[in-house]
Amino acid sequence: PVRAPKISVEILLRNQEISASPAVPTTRSIFLNELHDYMGIVCTLPCVNCERFEVFERASGAEGKRASTFYHLVDSLSPKALSNAYFTVECHIQNLATFVNQWLA
């Protein structure tokens, strides 16, 4: 199982104003970046390529780079599995928003 990163959210009182740091949208962004980084571990691995051992490599553009990695595996992932991952992130964010709103209300 994949474990979500632990993110400490502080409730701050400054100049008679209560706020959360980091804010809920920032926390969502952190979670989504972690999810994308986790998926990128596999998707950015280079494929085995016999041309790699040639003395003179051919220049390859962005499409060549995409074809030389496992980026295509994202397309073979079931939509339900991907949806579950994003749903789990949103559940964590909803729980955080509820907690923060209790303090800010």
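To start, this report covers the structure provided alongside it. Values in this document were obtained by computation on a predicted structure and should not be read as measured data. (Residues numbered from 1 in each chain as written. Predicted model: local features only at pLDDT ≥ 70, side-chain atom pairs only at ≥ 80, totals over all residues. Heavy atoms only, no water.)

1. Quick word on helix α1 (residues 24–43)
No. 1: Here α1 spans 28 Å end to end across 20 residues, near enough to the 28 Å set by a 1.5 Å rise per residue.
No. 2: Among the residues making up α1, those that are buried are Val24, Thr27, Phe31, Leu32, Leu35, Gly40 and Cys43.
No. 3: Where the residues of α1 are buried, they touch α3 (73–76) and α4 (79–104). (Helix = DSSP H or I, 4+ residues; strand = E, 2+ residues; numbered from the N terminus. Expected span 1.5 Å × (residues − 1). Buried < 20%, exposed > 50% of the residue type's maximum accessible area, 1.4 Å probe, protein only. Contact = heavy atoms within 4.5 Å.)

2. Side note on the pairing of strand β2 (residues 17–21)
No. 1: By the bridge criterion, five bridges tie strand β1 (residues 10–14) to β2 in an arrangement that is antiparallel. Paired with Arg14 across the two strands is Glu17, which belongs to β2.
No. 2: Taking the residues that link successive antiparallel strands as the turn, the β1-β2 hairpin has two residues, and the phi of Asn15 there is positive, at about 50°. (Pairing = 2+ DSSP bridges.)

3. Some details on the pattern of salt bridges
No. 1: Using the criterion set out here, one finds one salt bridge in the structure.
No. 2: Salt-bridge contacts for Arg28 lead to Glu90; the nearest nitrogen and oxygen are separated by 3.1 Å. Here the residue Arg28 occupies a position in helix α1, and Glu90 occupies one in helix α4, the gap between them amounting to 62 residues.
No. 3: Residue classification places Arg28 among the partly exposed positions, given a relative accessible area of 29%. (Salt bridge = Lys/Arg side-chain N within 4 Å of Asp/Glu carboxyl O.)

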